[in-house]
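# A structural walkthrough
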Amino acid sequence: MIEAMPVAHSRLSPPQLAGLSDAQRQRLLGVTCIGGPAEAWHGELPVQNVAAPLLGRSAGALNEVWYSAESCRSGEFAGIRFRVDDNVLYGVLDVEESAFRGSPLPLQHAAEDAYRRIFALLDRESYPHLWRAWNYLADINAERNGLERYRQFNIGRHDAFLASGRLARGNVPAACALGTLRGPLTIAFMAGRTAPTPIENPRQVSAYEYPAIYGPRSPTFSRAAFAQLPGQELLFISGTASIVGHQTTHVGDVAGQARETLANIAALLESANGKTRSTPYALAELSLRAYIRRAEDYPCAQAIIEEQVGADASVVYVQADICRSDLLVEIEAMASHTMGNC
Ligand code: 3EB
């Protein structure tokens, strides 16, 4: 973990995480645990538990950690655990829907409450720009009180952006929203002092402009975003699926969906390379997370992804529900480049 960049991301097994030195732990911004819960020693670290199985590994859990070149400060505000350095704030918030039991649409209100609290924290700590959010909720495709839970989530998120004085279109954060097996609504997020640069996909309608057939409020995310830190540019590619225009393509065909998804990521890279302040980004350098709805589709999806990104690329496969019931695959990605003259 010797890194010159202001922030870095890495994937650690539970023993690797447990084996970090005190000096290394001081530099951790936060952890996402996939395939198994976090261990006790995390103390005041923001920890997101994603209740979703890993695919293609013999066993065990994976820890995705963000760390800083500096020691970080911890805080807690409105139920959000966070860590900050001079450039970024990383936080995790879990909201139990049972707290909103009296409402007809508890998840909608949980999502609105969560995002209002996140924005209050960002304003208070003066890291006003939300760069990236990772959203997970149980039963994402289930209908409750006449509305799919993902659509309820979208209403609450959208309303919180507006209620917090923020735009719900245009320069909105990169994001993903996936369905887990159980657990609360859990949101991990990274924010900074500089506005992100949004990137859209010419092959797709912007998500914040989806027509109303996908729900009463459109999803509030950009297809990808750059974030600038001193000497560093981060590229966040949002959850990307087999959608062309605004329509799902290759319904029922996991191979077709995997290929279309990768074509969308390639198109996003091309858009990003037109805007980068660093050198061009390539598919093979991305750190990817691939969500597969049905475990039995893993071998097929994995073969297609590996063929496109190369056998050496870093890909983690997770079994999770995708936010449209006809989507079988979703892939998100990240990369980091140095940037001169800051
Ligand atoms: C899509 O393109 C697929 O609601 O935050 C991808 C990334 C998707 C983020 C979100 C949803 C979200 O519409 C779904």
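Here, the structure is the one placed above.
What you see is a predicted model; the values in this text were computed from it and never measured.

## Things to note about the overall build of the chain
- Looking only at helices and strands, one finds six helices and 20 strands in the chain.
- Taken against the 2.2 N^0.38 rule, which gives 20 Å for 342 residues, the C-alpha radius of gyration of the chain at 19 Å falls within 12% of a compact globule.
- When its C-alpha atoms are laid out on the principal axes, the chain stretches across 50 × 50 × 40 Å.
- By residue count, 59% of the 342 residues in the chain fall in the buried class.
- Accessible surface computed for the chain: about 13,000 Å², of which carbon and sulfur atoms make up 50%.

## With respect to the sheet that holds strand β14 (residues 224-229)
- Spatially, six strands are ordered β13-β14-β15-β20-β18-β19 in an open sheet, and the strand pairing comes out mixed. The sheet is open, and its two borders are formed by β13 (197-199) and β19 (314-319), each paired with just one other strand. Across this sheet, the average inter-strand angle for adjacent strands is 15 degrees, counted without regard to direction.
- One ladder, built from seven bridges, connects strand β15 (residues 232-240) with strand β20 (residues 329-338); its direction is antiparallel. Across the sheet, the residue bridging to L234 is S336, located in β20.
- Docked against the sheet, helix α5 (residues 254-273) engages β13, β14, β15 and β20, running at close to 150 degrees with respect to β15.
- The strands that helix α6 (residues 298-309) touches are β18 (287-292), β19 and β20; relative to β19, the one it contacts most, it runs at about 160 degrees.

## Brief notes about the site of the ligand
- If you check the shell around the ligand, you find 13 residues, and the closest are Y150, R157, Y210, R223 and C323.
- R157 is positioned with one of its side-chain polar atoms (N or O) 2.7 Å from an oxygen atom of the ligand.
- Burial of the ligand by the protein amounts to 100% of the accessible area it has alone, namely 360 Å².
- Cavity membership is defined here by more than half of the atoms lying within 2 Å of grid points; on that basis the ligand lies in the largest cavity.
- Counting residues per element, the ones that place at least two in the shell around the ligand are α4 (149-163) and β11 (174-180).
- By residue class, the composition of the shell around the ligand is nine nonpolar, one polar and three charged.

## So, empty space enclosed by the protein
- The full count for this structure, using the stated rule, is three cavities of 30 Å³ or more.
- Along the walls of the largest cavity sit 22 residues, with Y150, Y210, P219, F221 and C323 positioned nearest its centre.
- Every element with two or more residues in the lining of the largest cavity is listed here: α4, β11 and β15.
- The biggest single contributor to the lining of the largest cavity is α4, with four residues.
- Looking at the lining of the largest cavity residue by residue, the class counts come to 12 nonpolar, four polar and six charged.

## Brief notes about unusual backbone geometry
- Despite not being glycine, S126 shows a phi value in the positive range, around 60 degrees.
- For S126, a relative accessible area of 42% gives the class partly exposed.

## What to know about the pattern of salt bridges
- Enumeration over the complete set of coordinates arrives at 16 salt bridges.
- Residues D321 and R293 are paired through a salt bridge, measuring 3.6 Å at the closest nitrogen-oxygen approach. Placement of the pair is D321 in the loop between β19 and β20 and R293 in the loop between β18 and α6, with a sequence separation of 28 residues.
- Judged by its relative accessible area of 26%, D321 falls in the partly exposed class.
- Salt bridges linked by common partners bring R11, E64, R132, R289 and E332 together as one network.

## Regarding the sheet that holds strand β4 (residues 62-68)
- Read across the sheet, four strands follow the order β1-β4-β2-β3 without closing on themselves; strand pairing throughout is mixed. Of all strands in the sheet, those bounded by a partner on one side alone are β1 (7-12) and β3 (47-50). Each adjacent strand pair in this sheet contributes to an overall mean axis angle of 15 degrees, direction not counted.
- Two strands pair when backbone bridges link them, and β1 and β4 are joined in this way by six bridges, in the antiparallel orientation. The residue bridging V7 from the neighbouring strand is S68, located in β4.

## Observations regarding the side chain of R293
- Judged by its relative accessible area of 15%, R293 is buried.
- A polar atom in the side chain of R293 sits 3.0 Å from the side chain of N141.
- Setting aside chain neighbours within four positions, we find R293 in contact with N141, Q319, A320, D321, I322, R324, S325, L327 and L328.

## With respect to the nonpolar core
- Judged by nonpolar contacts, the single largest core of 39 residues is most densely connected at W66, W134, M190, L234 and F236.
- Not counting chain neighbours up to four residues away, the residues in contact with M190 comprise W66, V88, L89, Y90, H129, L130, W131, R132, W134, L234 and F236.

## Structural notes on the pairing of β19
- Of the strand pairs in this sheet, β18 and β19 are connected by six bridges, and their pairing is parallel. Within the sheet, the bridge partner assigned to A290 lies in β19 and is Y317.
- The parallel pair β18 and β19, bridged by α6, forms a crossover whose chirality is right-handed.

The rules behind these values
Counting restarts for each chain, with residues numbered from 1 along the sequence as it is written. In view of the model being predicted, local features appear only for residues whose pLDDT reaches at least 70, and side-chain atom pairs are presented and counted only at 80 or more, with totals across whole chains, interfaces and linings using the full set of residues. Side-chain figures throughout are based on the complete set of non-hydrogen atoms in the structure, without hydrogens or water. By definition, any uninterrupted DSSP run of H or I lasting at least four residues is a helix, any uninterrupted run of E lasting at least two residues is a strand, and each is numbered from the N terminus. In this setup the radius of gyration rests on C-alpha atoms only. A globule is expected at 2.2 Å times the number of residues raised to 0.38. Categorising residues by exposure relies on relative accessible area from a 1.4 Å probe, with only protein chains included: less than 20% of the type maximum marks a residue as buried, more than 50% marks it as exposed, and the intermediate range marks it as partly exposed. Using a 1.4 Å probe, accessible areas were evaluated by the Shrake-Rupley method; residue-level cover was limited to the displayed protein chains. Should DSSP find at least two bridges between two strands, the strands are regarded as paired. Throughout, an axis means a line fitted to C-alpha atoms (over the contacting stretch in the case of helices), and angles, computed between N-to-C directions, take values from 0 to 180 degrees. Here, residues are in contact when the closest pair of their heavy atoms is within 4.5 Å. Working definition: residue near molecule or strand if any one of its non-hydrogen atoms lies within 4 Å of it. Here a polar contact means two N or O atoms within 3.5 Å. Within protein one must be a hydrogen donor candidate and the other an acceptor candidate, and residues neighboring in sequence count only if both atoms are side-chain atoms. Using protein atoms alone on a 1 Å grid, points that fit a 1.4 Å probe yet trap it form a cavity, whereas open point sets bounded by protein on both sides within 12 Å along at least five of seven lines form a pocket; residues with an atom within 4 Å of a point count as lining. Think of it this way: if more than half of a molecule's atoms are within 2 Å of a pocket's grid points, that molecule is in the pocket or cavity. Residue classes follow a fixed rule: Ala, Val, Leu, Ile, Met, Phe, Trp, Tyr, Cys and Pro count as nonpolar, while Asp, Glu, Lys and Arg count as charged, and any other residue, Gly among them, counts as polar. Grid points are joined across faces, edges and corners, and a volume is the space filled by probe spheres set on the points. Salt bridge, as used here, is a side-chain nitrogen of Lys or Arg placed within 4 Å of a carboxyl oxygen of Asp or Glu. Residues belong to a common nonpolar core when they are buried Ala, Val, Leu, Ile, Met, Phe, Trp, Tyr or Cys residues joined through side-chain atoms within 4.5 Å. Orienting the strands away from the viewer, one traces the path from the first strand over the helix to the second; a clockwise path indicates a right-handed crossover.

These values are about where atoms sit, not about what they do.
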